[in-house]
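If you want the building blocks of each chain, they are given just below.
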Amino acid sequence: MCGIVGYIGKRKAVEVILKGLSHLEYRGYDSAGVALMAKDKINIYKAAGKLNNLKEIISKQNEADINTHAGIGHTRWATHGMPSEINAHPHTCNCKSLVIVHNGIIENYKDLKPVLEKKGSKFKSETDTEVAAHLIAYEFEEKKDLLKAVQSAVKKLKGAYAFSVMHKTMPDRIIAARKNAPLIIGVGEGENFIASDIPAVIEYTKKAIYLSDNQVAEIKADSVKIYDENDNLIQNKVECLPFEPVALSKMGYKHYMLKEIHEQPDVVRNILTDKLKNKDAEVVLDDVKLTREQLKKINRIQIIACGTSLHAGLVGKYVIEELAKIPTDVEASSEYIYRNTIADENTLVIGISQSGETADTITAIKQAKAKNSHIAIITNRKDSAMARLADSLLPINAGIEVSVAATKSYIAQLLSLYLLAIYLAENTNKTSSKELSEIKKELLSLPSKLEIILNDTKKVQEISKKYSNSKDFIFIARGINYPSALEGALKLKEISYINATGYPAGELKHGPIAMLDNTMPVLAILNKGTVYDKILSNCEEAKARQARLIGVTNLIDEKHKNLFDDLILIPEISDMVSPALNITVLQLLAYHISEYLGKDVDQPRNLAKSVTVE
Ligand code: F6R
């Protein structure tokens with residue numbers, strides 16, 4: 001988390017940096033700051049809160065102080081020290097000659113701090129980053145060169161970092177370094193950029209160098225020199241960036257979240273285009289690099305992910321076990337890391353991550369890789385750190401997702417898991433082709449059914465308004481839609497701050513039912529299928545406790561009339577594929593409730609889109 005931008009060249013640095021930071025706010029937005037290289041000094045401006053607060057401060061400065069051609073900036077998601085101006089980056093040393101912006105965590109900062117204090121360091125903030133500023137400043141006093149100072153300092157640091165550093169005596173350069181945190185260098189003509197992610201630079205250049213772990217770069221307006229961990233000058237490939245600037249526009253929607261929900265039919269269409277031609281064709285998954293022989297030997301699957309991606313993984317378990325009949329476990333990455341998991345070369349480990357940068361999942365994947373398991377990565381970022389760990393890389397190609405709440409990437413992850421499950425079933429002959437054909441037909445019908453939901457959202461909006469003042473919300477479902485209940489609850493709580501919980505409907509009576517009274521909304525997902533009657537009984541139980549019942553269903557049933565206070569009817573779809581439709585309704589519900597409550601839909605409090613700390 002945290003976003004870094006750096007610029008050196010002919011343009012007005014502050015403009016490039018502020019614009020870049022606005023595209024990186026998804027990484028954190030509790031405070032922001034910039035350092036601008038002026039003549040003989042570095043000007044630092046910081047503000048607590050959103051980037052707009054910083055912009056306001058900068059707009060009041062003298063043109064002479066901010067009209068510079070090199071600078072670094074930062075948007076923060078607090079790890080050490082509360083969000084405040086003092087803890088905002090850039091941080092500096094005693095004499096303020098050196099400035100640094102940092103994404104990551106310096107794990108040994110508590111060991112380094114007293115050593116530096118003995119040398120005379122006076123710390124002002126509670127951050128780990130300020131320790132790095134002082135450490136590099138002492139190295140600079142000795143080496144009289146910023147590159148050498150950073151190279152020497154990073155060898156003393158433990159943890160994760162992506163840095164940009166400037167020193168007032170060397171105004172023609174910015175030094176950047178990375179370890180376990182993303183950093184790219186945008187390459188321009190007579191100008192260069194530094195950023196945590198592509199959106200910050202894409203408007204200016206489509207060429208970039210991806211820094212690798214333990215590399216340090218010296219960036220000037222007309223050159224980029226990269227050094228490996230042994231301080232040898234090396235050559236990194238200049239790559240073409242995969243995004244178009246238009247991907248960053250709201251296209252007339254009020255929020256990115258709404259735009260991204262409405263993109264879902266096209267996202268599904270894109271995924272299906274090359275991989276599933278028609279209901280009788282075999283799934284084409286060239287991305288899976290397991291041979292037929294290896295595939296046959298796979299006797300266990302482990303899915304590792306966090307948050308929304310974890311919920312996609314739970315749907316994946318149902319589908320894989322149903323179609324490919326391979327035992328599949330799903331685990332939160334942060335739990336997978338701290339136990340002795342059983343995996344070997346016959347285990348297929350699937351990491352799911354929109355960003356491909358989630359630290360917990362990266363660590364878990366590395367752990368599985370060390371056990372020689374085959375690593376498949378399902379991600380929206382084929383240029384990410386996680387993608388580079390993949391034996392089989394399965395990009396979801398959902399396009400850039402700006403809203404912090406994941407929506408279109410979830411549907412794309414579901415689709416990838418459906419296709420993977422069918423592919424595994426086809427290669428192991430575990431399910432009849434007739435049965436697979438039925439599921440393929442349902443998948444191919446998804447885009448038009450999603451469009452039906454998205455073209456008429458009046459009912460969802462009405463219900464959102466009616467229930468927007470609820471303090472709590474319960475989501476229930478069974479079987480393959482239990483993860484939909486979890487994801488619906490997560491969406492609602494993260495953007496509206498309403499306490500929402502997802503339960504398997506059968507579990508209500510084992511405790512949560514005590515919560516029910518005439519103020520509690522209970523949203524039930526009822527699909528035509530094996531568990532339909534069971535969940536209907538669970539709804540009766542909830543109604544008997546006076547809960548306010550909302551049904552999301554694809555079945556017109558007389559029994560619904562006296563049972564539900566409100567009903568949302570969705571197009572008919574098989575139980576197996578229904579999570580992709582149901583979730584769209586729940587995403588819209590969360591969106592409109594958050595909107596009615598006047599919350600910051602795209603940037604909910606305390607969150608960041610890319611969680612690069614464990
Ligand atoms: C919720 C959300 C998070 C992420 C989680 C994992 O809307 O976006 O729960 O799903 O932080 O992120 P990725 O998928 O990037 O690994």
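The structure presented is a predicted model; accordingly, all values stated were derived computationally and were not measured.

Analysis parameters
- The numbers attached to residues start from 1 for each chain and follow its sequence in the written order.
- The predicted nature of this model means local features are confined to residues of pLDDT at least 70 and side-chain atom pairs, given and counted, to a pLDDT of 80 or more, with totals for whole chains, interfaces and linings taken over all residues.
- Values reported for side chains reflect all heavy atoms of the structure, with hydrogen atoms and water molecules removed beforehand.
- Accessibility here uses a 1.4 Å probe with only protein chains present; expressed as a share of the type maximum, an area under 20% marks a residue as buried, one over 50% as exposed, and anything in between as partly exposed.
- Secondary structure counts use DSSP, requiring at least four H or I residues in a row for a helix and at least two E residues in a row for a strand, with both numbered from the N terminus.
- Note that the arc is defined by the directions from the helix axis to the C-beta atoms.
- Whether two residues touch is decided by their heavy atoms; if any such pair falls within 4.5 Å, the residues are in contact.
- We call a residue near a molecule or strand as soon as one heavy atom of that residue lies within 4 Å of the molecule or strand.
- Identification of polar contacts relies on pairs of N or O atoms within 3.5 Å, with a donor-acceptor requirement for protein atoms, meaning one able to donate a hydrogen and the other able to accept it, and with residues adjacent in sequence counted only if both atoms are side-chain atoms.
- Per-residue and other accessible areas follow the Shrake-Rupley method at a 1.4 Å probe size, with only the shown protein chains counted as cover for residues.
- Here an angle of 0 to 180 degrees is reported between the N-to-C directions of two axes, which are lines fitted to C-alpha atoms, with helices fitted over the stretch in contact.
- Oblique is the label for every angle not falling under 35 degrees (roughly parallel), over 145 degrees (roughly antiparallel), or within 65 to 115 degrees (roughly perpendicular).
- Polar here means any residue outside two lists: the nonpolar Ala, Val, Leu, Ile, Met, Phe, Trp, Tyr, Cys and Pro, and the charged Asp, Glu, Lys and Arg; Gly therefore counts as polar.
- Criterion used throughout: strands pair if DSSP finds at least two bridges between them.
- To estimate the expected span of a helix, subtract one from its residue number and multiply by 1.5 Å.
- Working definition for bend: take the seven residues up to and ending at a residue and the seven starting at it, fit an axis to each, and measure the angle between the axes.

Asker: So what's going on with helix α4 (residues 109–119)? Which residues, and what values?
Answerer: Those residues of α4 that fall on the buried side of the exposure criterion are Y109, L112, K113 and L116. Angular distribution of buried residues about the axis of α4 spans 110 degrees; they occupy a single face of the element. Of the exposed residues in α4, those oriented more than 90 degrees away from the buried face are K110, D111, V115 and K118. Buried residues along α4 sit in contact with β6 (98–106) and α5 (129–143). Residue G120 follows α4 closely and has a positive phi angle near 120 degrees.

Asker: Account for the site of the ligand, naming residues and giving values.
Answerer: The immediate surroundings of the ligand are formed by 13 residues, with S309, S353, S355, T358 and E494 found nearest. In the model, an oxygen atom of the ligand is placed 3.0 Å from a nitrogen or oxygen of the T308 main chain. Here an oxygen atom of the ligand and a backbone polar atom of A406 are 2.9 Å apart. With the chains in place, 90% of the 400 Å² that the ligand exposes on its own is no longer accessible. Put simply, the parts of the chain that give the shell around the ligand at least two residues each are α10 (307–323) and α16 (482–496).

Asker: So what about the packing of helix α13 (residues 408–428) against helix α18 (residues 578–596)? Which residues, and what values?
Answerer: Two elements in contact, α13 and α18, have axes separated by 10 Å at closest approach and are oriented at 175 degrees. Of the possible angle classes, the one that applies to α13 and α18 is roughly antiparallel. When α13 is examined against α18, the residues Y410, I411, L414 and Y418 are found in contact with a partner set consisting of P579, A580, I583 and T584. Looking at side-chain class alone, the contact of α13 with α18 contains seven nonpolar, one polar and no charged residues.

Asker: With reference to specific residues and values, describe the sheet that holds strand β12 (residues 215–220).
Answerer: With antiparallel pairing, seven strands are arranged side by side in an open sheet as β5-β6-β7-β8-β12-β13-β14. Either end of the sheet is taken by a strand with one partner, and the two such strands are β5 (91–92) and β14 (233–234). Relative to β12, strand β8 (residues 174–179) runs antiparallel, the two sharing five bridges. Residue pairing for β12: I174 is matched across the bridge by I219. Contacts between α5 and the sheet are confined to β5, β6 and β7 (159–167), with β6 contributing the most and set at about 130 degrees to the helix. Each of β6, β7, β8, β12 and β13 (223–227) touches helix α6 (residues 146–154); the most contacted strand, β7, lies at about 160 degrees to it.

Asker: Describe helix α14 (residues 433–455), with residues and values.
Answerer: Taking 1.5 Å of rise per residue, the 23 residues of α14 would be expected to cover 33 Å, and the 34 Å separating its terminal C-alpha atoms lies within 8% of that figure. The largest bend in α14 comes to about 45 degrees, at L446, with the proline P447 one to four residues further on.

Asker: An account of the side chain of S121 is requested, with residue identities and associated values reported.
Answerer: With respect to the secondary-structure elements, S121 resides in the loop between α4 and α5. Residue classification places S121 among the buried residues on the basis of a relative accessible area of 4%. A polar atom in the side chain of S121 sits 3.2 Å from the side chain of Y138. Apart from residues no more than four positions distant in its own chain, S121 is found in contact with N94, L116, H134 and Y138.

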